[in-house]
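Report on the structure
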Amino acid sequence: MREIEIAGGGLAGLSLGIGLRKRGVPVLVREAGAYPRHKVCGEFINGVTSETLEVLGILGIFKNALQHSRTRWWIHQREVLDIKMTRPALGMTRWEMDVALKDLFMAEGGELRTRDRVVREGREGLVWAAGRGGQKESTWLGLKGHFQGVPLRGGLEMHLGDGGYVGLTPITKDGNWLNVCALFKKRTLRAENLITAYLRACALDDLADRLEAGELKRSSLTGVSGLQLGVQGGTAGLCSLGDAERMIPPFTGNGMSMAFEAAECALQPLVDYAQGREWSECCAEVADAIESRFQKRVALALRLQRFIETAGGRRMLSLAARSGLLPFHWLHRQFS
Ligand SMILES: Cc1cc2nc3c(=O)[nH]c(=O)nc-3n(C[C@H](O)[C@H](O)[C@H](O)COP(=O)(O)OP(=O)(O)OC[C@H]3O[C@@H](n4cnc5c(N)ncnc54)[C@H](O)[C@@H]3O)c2cc1C
């Protein structure tokens, strides 16, 4: 069988690697960083199905995951939504999840090279799963950190402000630790605690006060800039997956599901390549499967993202939610 080389040992790369190993395909994953590591992520997975996780052979990793079934939204100080989700979101830190995937990939006989940065090029046998970032002109900044001792209000909290939004996710069963993850429009701010400084700049002072009453685990503080939402620029002949292919706005909590689903889309065409099929045919099949699965979902999310970026959009969201006219369950199903 021919070998598949995967650039990027994140969710798309490792889950694909595991799925391929389970089908006997030789796989080399080349990862620029090392494990364990913190990643900018809200750390809840919205929308992924057991079937997708089963096909990839990674369902077992989530057996002890937290289950979040309720979400509450605020616009500045005003609560506008408190709702039960149709399907619970899975909760697990990236510190744990990426290591669990890496260990399973290696246990399945996959070869992993860390601190190995791959050059981006379209070449036969190379799958590009190297994630997001790299757009110098991007105006977005993602920040995340783990906090202890911040009283939670129940469920997944989402707070919308002027120039950004932030999600709070419990990461331990006792609720003593939580993940705080935000997407902000970049500003020039200097502060010891960049997350709370940005919250204040977005007029989310109440939330900043709550977080400052707790304790930030300094080593968990991570940031990412150069983010571009939506379809990413392609390189001719490149077979790309996950955030490297397209990025859904983070408020959906659906990006990790998309990374796994993209790996699922790529699995059979890549098994076919390993068994002798033409590379270009397999890549085209992967691209088609991804396009038909994600095109509508990401387009809708981008429209909603633009909506909540404006004060008028947030006012309408608030009105619709408080008067019971927001089709939350319909929207939630679109991100599944
Ligand atoms: C602010 C924010 C909040 C988010 N919150 C959520 C959430 O709550 N729920 C959710 O589902 N999704 C969320 N996401 C999205 C989610 O994190 C991503 O969709 C998911 O991580 C994509 O997985 P991936 O495998 O494509 O990329 P990644 O997980 O980023 O993995 C890519 C890997 O490639 C490596 N790499 C990069 N360049 C190279 C190279 N040249 N050679 C080799 N390796 C390389 C990187 O080190 C990394 O390990 C959020 C994103 C942001 C920005």
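Preceding this section is the structure that the text describes.
Keep in mind that what you see is a predicted model, and the values were worked out from it rather than measured.

Conventions adopted
- Within any chain, residue numbers begin from 1 and follow the written order of that chain's sequence.
- Per-residue local features of the predicted model are confined to residues with pLDDT of at least 70, and side-chain atom pairs are confined, for both listing and counting, to 80 or more; whole-chain, interface and lining totals are unaffected and use all residues.
- The side-chain figures draw on all heavy atoms in the structure; neither hydrogens nor water molecules are used.
- Two strands make a pair as long as DSSP finds a minimum of two bridges between them.
- The numbering of helices and of strands both runs from the N terminus, where a helix is a DSSP run of H or I of at least 4 residues and a strand a run of E of at least 2.
- We call two residues contacting when some pair of their heavy atoms lies within 4.5 Å.
- Each axis is a line fitted through C-alpha atoms, taken for helices only over the stretch in contact, and angles between the N-to-C directions span 0 to 180 degrees.
- Exposure categories follow from relative accessible area, calculated using a 1.4 Å probe and restricted to protein chains: below 20% of the type maximum is buried, above 50% is exposed, and the middle band is partly exposed.

Turning our attention to the sheet that holds strand 7 (residues 126–128). What the 5 strands build is an open sheet, ordered 6-2-1-7-14; its pairing is parallel. Two strands in the sheet have a free side with no partner beyond their single neighbour: strand 6 (111–113) and strand 14 (239–240). Packing of helix 3 (residues 94–107) onto the sheet brings it into contact with strand 2 (27–30) and strand 6, and relative to strand 6 it is tilted by some 135 degrees.

Moving on: the sheet that holds strand 9 (residues 156–161). Across the sheet, 8 strands lie side by side as 3-5-4-9-10-11-8-12; this open sheet has mixed pairing. Here the strands that pair on one side only, and so sit at the sheet edges, are strand 3 (44–45) and strand 12 (215–225). Taken together, the 7 bridges between strand 8 (residues 140–148) and strand 12 define a ladder with antiparallel strand orientation. By the bridge assignment, G142 is partnered in strand 12 with V224.

What follows deals with the pairing of strand 10 (residues 164–170). For a regular strand, the rule is simple: side chains alternate between the two faces of the sheet. Strand 10 sits mainly inside the fold: 7 of its 7 residues count as buried. Burial along strand 10 is two-sided: the face carrying G164, V166, L168 and P170 and the face carrying Y165, G167 and T169 are both buried. Across 5 bridges, strand 9 lies against strand 10 in antiparallel orientation. Counted as the bridge partner of H159 is V166 from strand 10. Between strand 9 and strand 10, which follow one another and run antiparallel, lie 2 residues, and G163 among them has a positive phi close to 90 degrees. Here strand 10 runs beside strand 11 (residues 177–185); their pairing, made up of 7 bridges, is antiparallel. Following the sheet pairing, G167 is matched in strand 11 by C181. Between strand 10 and strand 11, which pair antiparallel in sequence order, lie 6 residues; one of them, G175, sits at a positive phi of approximately 75 degrees.

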